[in-house]
Amino acid sequence: MMMGQPEAVIQKTDAEALAAPEVQDDFDISAEAEQSLQVKDQPEVLEKLQRRIKSVEVKIVTPPRPGKKCLVLDIDYTIFDLNSSAEHPDELARPYLHEFLAACYAYYDIIFWSATNMKWVEVKLKELGVLGSEEYKIVCLLDHK
């Protein structure tokens with residue numbers, strides 16, 4: 001409803017809402033219903049999270065800096081363009097990748113994640129010139145196991 005709507009328009013909108021009770025008005029969710037939507041608290045999600053925590057391999061590259069939040073970036077299709085027809089790794093990097101990472105590093109510790117295994121994570125980041133940069137440091141690498 002907008003401010004200044006004629007009363008007839010408001011009544012018509014209310015009538016339409018009553019005619020379609022299966023439509024959820026997300027501005028009208030009770031606190032109780034909102035709690036039931038919290039995915040993070042579902043037992044199956046918590047169990048999956050615990051399994052992942054036990055099996056994850058974290059490769060620390062540089063120690064984290066005190067007081068910095070973490071920025072986790074995916075490699076494939078985010079910083080590394082897999083759809084490109086380029087032949088050299090530096091051509092696969094997204095434009096201004098290093099400038100972006102340097103700007104982020106001022107505020108965040110940078111972490112890279114990929115659905116590929118750790119061997120390819122390291123290879124891709126080395127080829128892109130991300131590991132060993134003087135302008136920014138990478139805290140750790142994560143892969144999907």
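Calculation notes
- Residues numbered from 1 in each chain as written.
- Predicted model: local features only at pLDDT ≥ 70, side-chain atom pairs only at ≥ 80, totals over all residues.
- Heavy atoms only, no water.
- Core = buried A, V, L, I, M, F, W, Y, C linked by side-chain atoms within 4.5 Å.
- Buried < 20%, exposed > 50% of the residue type's maximum accessible area, 1.4 Å probe, protein only.
- Helix = DSSP H or I, 4+ residues; strand = E, 2+ residues; numbered from the N terminus.
- Contact = heavy atoms within 4.5 Å.
- Pairing = 2+ DSSP bridges.
- pLDDT = per-residue confidence, 0-100.
- Polar contact = N/O pair within 3.5 Å; in protein donor to acceptor, adjacent residues only side chain to side chain.
- Salt bridge = Lys/Arg side-chain N within 4 Å of Asp/Glu carboxyl O.

**Notes on the nonpolar core**
Counting residues in each nonpolar core, the largest one holds 20 residues, and the members touching the most others are Ile-79, Leu-101, Ile-110, Phe-112, Leu-125 and Val-130. Every element with two or more residues in this core is listed here: α5 (97-105), β3 (108-114), α6 (118-127) and β4 (138-143). For this core, the element with the highest residue contribution is α5, accounting for four residues. Setting aside chain neighbours within four positions, we find Phe-112 in contact with Leu-73, Ile-75, Ile-79, Leu-101, Leu-125, Val-130, Ile-138, Cys-140, Leu-141 and Leu-142.

**Some remarks on the pairing of β4**
Along β4, six of the six residues are buried, which leaves the element largely enclosed by surrounding structure. In terms of strand pairing, strand β1 (residues 58-60) meets β4 through three bridges, oriented antiparallel. Counted as the bridge partner of Val-58 is Leu-142 from β4. Bridge count for β3 against β4 is five bridges, and the pairing is parallel. Across the sheet, the residue bridging to Phe-112 is Leu-141, located in β4.

**Comments concerning the confidence of the model for the chain**
In this model, the chain carries an average pLDDT of 84, and 86% of its residues clear a pLDDT of 70 or more. Element-level mean pLDDT values for the chain span from 69 in helix α2 (residues 31-36) up to 96 in α5.

**As for the side chain of Ser-133**
Within the secondary structure, Ser-133 sits in the loop between α6 and β4. Polar contacts involving the side chain of Ser-133 include one to the main-chain amide nitrogen of Glu-135, which spans 3.1 Å.

**So, the pattern of salt bridges**
Here the idea is simple: oppositely charged side chains can pair when their charged atoms come close. Tallied over the full model, the rule gives four salt bridges. We note a salt bridge from Arg-51 to Glu-47, for which the minimum N-O separation is 3.3 Å. Residue Arg-51 and its partner Glu-47 are located together in helix α3 (residues 43-55), separated by four residues, close to a single helical turn. Residues Asp-76 and Lys-124 are paired through a salt bridge, measuring 2.6 Å at the closest nitrogen-oxygen approach.

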